[in-house]
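Examining the three-dimensional arrangement
Given next are the chains, with one letter for each unit.
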Amino acid sequence: MRDYVIMTDSCCDLNAAEVAECELAVVPLTFTMEGVNRRDTPDHAEMSLEEYYKRIRAGVLSTTSAVNVGDFVDAMRPILQSGRDILCINFSSALSTTYQSACIAADELRAQFSGARIEVIDSLSASRGQGMLVWHAAKRRQRGENLDAVAAWVRATIPHQEHWFTVADLNHLRRGGRLNATSAVIGTVLAIKPVMHCDAEGKLTPVSKARGMKQALTELVNKMDELGTRPLDEQTVFICHADAQESVDYVKGLLRERFGVTDVRADYIGPVIGSHTGAGTLGLFFFGSER
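Structural notes, computed from the coordinates. Every chain is numbered on its own, with residues counted from 1 as its sequence reads. Owing to the predicted nature of the model, reporting of local features is limited to residues with pLDDT of at least 70; listing and counting of side-chain atom pairs is limited to 80 or more, with chain, interface and lining totals taken over all residues. Note that water and hydrogens are dropped before the side-chain values are worked out from all heavy atoms of the structure.

**A short note on helix α3 (residues 69-81)**
- Put simply, DSSP H or I for four residues or longer makes a helix, DSSP E for two residues or longer makes a strand, and each gets a number counted from the N terminus. Under the convention used throughout, the expected extent of a helix is 1.5 Å for every residue step, that is, one less than its residue count. The first and last C-alpha atoms of α3 sit 18 Å apart over 13 residues, in line with the 18 Å expected at 1.5 Å per residue.
- Each residue's exposure class comes from its accessible area (1.4 Å probe, protein chains only) as a fraction of the maximum for that residue type: buried when under 20%, exposed when over 50%, partly exposed otherwise. When α3 is considered as a whole, its buried residues turn out to be F72, V73, M76, I79 and L80.
- Residues count as neighbours in contact if any of their non-hydrogen atoms are within 4.5 Å of one another. Elements that come into contact with the buried residues of α3 comprise β1 (4-9), β2 (24-27), β6 (85-90), α4 (98-110) and β7 (118-122).
- A side-chain oxygen of the first residue of α3 lies 3.1 Å from the backbone nitrogen of G70; this N-cap is N68.
- Trailing α3 by a residue or two, G83 shows a phi angle of about 90°, which is positive. N or O atoms within 3.5 Å of each other form a polar contact, as long as, within protein, one can give a hydrogen and the other can take it, and as long as residues adjacent in sequence are counted only when both atoms are side-chain atoms.

Encoded structure:
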């Protein structure tokens, strides 16, 4: 049985320690601030997350670029040359062209490496929801499961991943075209926070509204109560946040008090996803019923 590498892109928002722990290959997307292009690497070497969100809070705009075909070819080729196969799990195709680039690169390289396996999967996920899927896949690989078994598990699991978000800054939704200007102004004045999820097509979809951040965060936890796979206290729960440690602490407290959940892996939303959510966003990811 040939060895294989699990590859993903930086929108998984796994940190450098998690990437090393899981033995992952991560291909970075790019973000641009004040005319400077930077790679969104897991170690955030080109701009710290603290500096990034400081600039975002100051009103600096950030735009993003997907991984192109050439980047994937360059990342995949050395792995194939070493005699290993690739399982590539990518950011939702509904939100980026990164998955399509990976597919094109894989087709190109299959023609050059006879017998090599490159499986490319659309995670239909974002941020640490994608990261949770990749993390579990990597653990299965490390336990000795082959590429076919892990790829089958990933495909079967995607419809049962729950992605629930709330956003603190409605103006970022307005700039991204997900909210009109009038709604953004009224919502800001009334402290309305949207409760959103990543649907079965991998799109971010508003579901309800809450008055204030704590109520919105509570609604995310309520969704785990409503939809989560039992027993909840045996789940490894993932959280992403856009420089919102107080919100993380609040949600972790609710998860512990209500369900006995203690295995929570929380970390920052990276600059690419953060360019579209703004500061203060929080996402909760767990396994549950159909999306």
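Following the structure, the description resumes.
**Describing the packing of helix α9 (residues 213-227) against helix α10 (residues 245-259)**
- Between N-to-C directions, angles span 0 to 180 degrees; the directions come from axes that are lines fitted to C-alpha atoms, helices contributing only their stretch in contact. One way to put it is that α9 packs onto α10 with a least axis distance of 10 Å and a crossing angle of 40°. Here α9 lies oblique to α10, going by the angle between them. Like other packed secondary-structure pairs, α9 and α10 cross with a definite hand, here right-handed. Of the residues in α10, those touching α9 at M213, K214, L217, T218, V221, N222, M224 and D225 are S247, Y250, V251, L254, L255, R258 and F259.
- Looking at the contact of α9 with α10 residue by residue, the classes come out as nine nonpolar, three polar and three charged. Orientation labels follow simple angle bins: below 35 degrees gives roughly parallel, above 145 gives roughly antiparallel, 65 to 115 gives roughly perpendicular, and whatever is left gives oblique. The hand of a helix crossing depends on one turn: near helix anticlockwise from the far one by less than a right angle means left-handed, and clockwise means right-handed. The nonpolar class holds Ala, Val, Leu, Ile, Met, Phe, Trp, Tyr, Cys and Pro. Asp, Glu, Lys and Arg form the charged class, and all remaining residues, Gly among them, are polar.

**Side note on helix α2 (residues 49-57)**
- Looking only at α2, the buried set comprises L49, Y52, Y53 and I56. Buried positions in α2, seen along its axis, are confined to an arc of 90° and lie on one side of it. Summarising the geometry of α2, the exposed residues directed more than 90 degrees from the buried face are E50 and K54. The directions considered for the arc run from the helix axis to the C-beta atoms.

**What about the side chain of H136?**
- The residue H136 is located in helix α5 (residues 127-142) in this model.
- Exposure remark for H136: the relative accessible area of 17% places this residue in the buried category.
- Setting aside residues up to four positions removed in sequence, H136 forms contacts with W153, T236 and F287.

**Thoughts on the side chain of K193**
- Mapped onto the secondary structure, K193 falls in strand β9 (residues 192-198).
- With relative accessibility at 14%, the residue K193 sits in the buried group.
- Engagement of the side chain of K193 in a polar contact is seen with the backbone oxygen of A168, the distance being 2.9 Å.
- K193 has contacts with T166, V167, A168, S208, K209, A210, G212, M213 and A216, leaving out every residue within four places of it along the chain.

**Observations regarding the nonpolar core**
- If you look at the biggest cluster of nonpolar residues, it comprises 68 residues, and the most contacted ones within it are I6, L24, F72, M76, L87 and V154.
- Excluding residues within four positions of it along the chain, I6 makes contact with E23, L24, A25, L87, I89, V134, A137, A138 and R141.
- The criterion is simple. A nonpolar core is a set of buried Ala, Val, Leu, Ile, Met, Phe, Trp, Tyr and Cys residues joined through side-chain atoms within 4.5 Å. Membership of the second largest hydrophobic core comes to 21 residues, among which are V195, L220, V221 and L255.

**Brief notes about the packing of aromatic side chains**
- Only Phe, Tyr and Trp rings are paired, with Trp represented by its six-membered ring, and only when their centres lie within 6.5 Å; those with planes under 30 degrees apart are stacked, over 60 edge-to-face, the remainder tilted. Applying the stated criterion across every chain, the model contains six aromatic pairs.
- On the numbers, 5.7 Å between centres and 85° between planes, the contact of F31 with Y52 is edge-to-face. In this pair, F31 sits in strand β3 (residues 30-33) while Y52 sits in helix α2, placing the two residues 21 residues apart along the sequence. Of the two residues, F31 and Y52, neither departs from the other in class, the shared state being buried.
- The interplanar angle of 25° and the centroid separation of 6.0 Å between the aromatic rings of Y53 and Y268 together place this pair among those described as stacked. On the criterion of sequence distance, the pair formed by Y53 in helix α2 and Y268 in strand β12 (residues 264-268) is long-range, its members being 215 residues apart. Of the two residues, Y53 and Y268, both sit in the buried class.
- Members of the aromatic cluster, joined through ring pairs, are F31, Y52, Y53 and Y268.

**Section: the environment of I89**
- Positionally, I89 belongs in strand β6.
- According to the relative accessible area criterion, I89 is buried, its value standing at 0%.
- Here the alpha-carbon distance between I89 and L133, two residues 44 residues apart in the chain, equals 8.5 Å.
- In contact with I89, other than residues within four places in its own chain, are I6, M7, T8, D9, I121, S123, Q130, L133, V134, A137 and V154.

**Here's the deal with the environment of I6**
- The residue I6 is located in strand β1 in this model.
- Given the relative accessible area of 1%, I6 is considered buried.
- C-alpha of I6 to C-alpha of G253: the two residues are 247 residues apart in sequence and 33 Å apart in space.

**Focus on the sheet that holds β2**
- Strand order in the open sheet formed by four strands is β2-β1-β6-β7, and the pairing between neighbours is parallel. The open sheet has two free edges, formed respectively by β2 and β7, since each of these has just one partner strand. Strand-to-strand, the axes of this sheet are offset by a mean angle of 20°, without reference to chain direction.
- Where β1 and β6 come together, five bridges link them in parallel fashion. Its bridge partner lying in β6, T8 is registered against I89. In this analysis, strands are considered paired if DSSP registers two or more bridges between them.

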